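Per-entry structural report
Each chain, letter by letter, is given below.
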Amino acid sequence: MNVRAPLWPIAIARAIIGVLWLFSLRWKLPPDFMPAEGRGLMDWLQLEVTHAAFPLYGLFVEQIVLPNFTLFAWLIFLTELAVGLSLLTGAFTRLGALLGLGLSLNLGIGLLEVPGEWPWSYAMLAMWHGLFLVTGAGRVWGLDGLTSRN
């Protein structure tokens, strides 16, 4: 017996995770990548240095990322924007999922030892992106479905 599970729950999850990425942009908006109040991107990067779980990672953030903050801030902002839009619309979903997987793993590594952070949230985020990657989640209720042969 060949039974296929419906893919619409994955499509809903894909869109919700896309909204999550877009919503997270509110605290790292250009041009200064700071929210109106609270911590901004620079603050979180400094926490990654102060509470580095892996010394080499902390050193990379301290010596490469922070001195080139504006460049990396734009790269982070644009990548997260692309991932959010990709997952929300179901366009280029496998690429968006791959980028989101990389971002999730990077967040998990960087924030692993930061007080008050729950690193398992980044593991779950990475797992969702892995699921979207292997299922081609944009084929259902997404723009990828318009070009899919299924």
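Anyway, here's the lowdown on the structure attached to this text. Model, not experiment: these values are computed from the prediction.

Rules behind the numbers
Residues numbered from 1 in each chain as written. Predicted model: local features only at pLDDT ≥ 70, side-chain atom pairs only at ≥ 80, totals over all residues. Heavy atoms only, no water. Helix = DSSP H or I, 4+ residues; strand = E, 2+ residues; numbered from the N terminus. Expected span 1.5 Å × (residues − 1). Buried < 20%, exposed > 50% of the residue type's maximum accessible area, 1.4 Å probe, protein only. Contact = heavy atoms within 4.5 Å. Phe/Tyr/Trp six-rings, centres within 6.5 Å; stacked < 30°, edge-to-face > 60°. Lys NZ or Arg CZ within 6 Å of the ring centre and 35° of its normal. Patch = residues over 30% accessible without salt bridge, like charges linked within 9 Å, V, L, I, M, F, W, Y side chains within 5 Å. Areas by Shrake-Rupley, 256 points an atom, 1.4 Å probe, with all protein chains shown as cover. Salt bridge = Lys/Arg side-chain N within 4 Å of Asp/Glu carboxyl O.

Some points on helix H6 (residues 120-135)
The terminal C-alpha atoms of H6 lie 23 Å apart, and with 16 residues this matches the ideal 22 Å at 1.5 Å per residue to within 8%. Taken together, the buried positions of H6 are occupied by Tyr-122, Leu-125, Ala-126, His-129, Phe-132 and Thr-135. Buried positions along H6 lie against helix H1 (8-24), helix H4 (69-89) and helix H5 (93-111). Backbone geometry just downstream of H6 places Gly-136 in the positive-phi region, at approximately 60 degrees.

A closer look at the packing of aromatic side chains
For the structure shown, the criterion picks out 7 aromatic pairs. For the pair Phe-33 and Trp-74, a centre-to-centre distance of 5.4 Å together with 90 degrees between the ring planes defines the contact as edge-to-face. Taken together, the residues Phe-33 in the loop between H1 and helix H2 (41-50) and Trp-74 in helix H4 connect sequence positions 41 residues apart. Overall, the relative accessible area of 0% leaves Phe-33 in the buried class. Exposure remark for Trp-74: the relative accessible area of 37% places this residue in the partly exposed category. Measuring from centroid to centroid gives 6.1 Å for Trp-74 and Phe-77, while their planes differ by 85 degrees, and the two rings are edge-to-face. Of this pair, Trp-74 and Phe-77 both sit in helix H4, 3 residues apart, roughly one helical turn. Following the ring pairs from residue to residue traces out a cluster consisting of Phe-33, Phe-69, Trp-74 and Phe-77. The side chain of Lys-28 reaches across the aromatic face of Trp-27, ending 3.7 Å from its centre. Sitting over the face of the ring of Trp-44, Arg-39 holds its NZ or CZ atom 5.3 Å from the ring centroid.

Description of a nonpolar patch on the surface
Nonpolar side chains collect at one region of the surface, where Trp-118, Trp-120, Met-124, Met-127 and Trp-128 lie side by side and expose about 630 Å² of accessible area between them. Relative to the helices and strands, Met-124 resides in helix H6.

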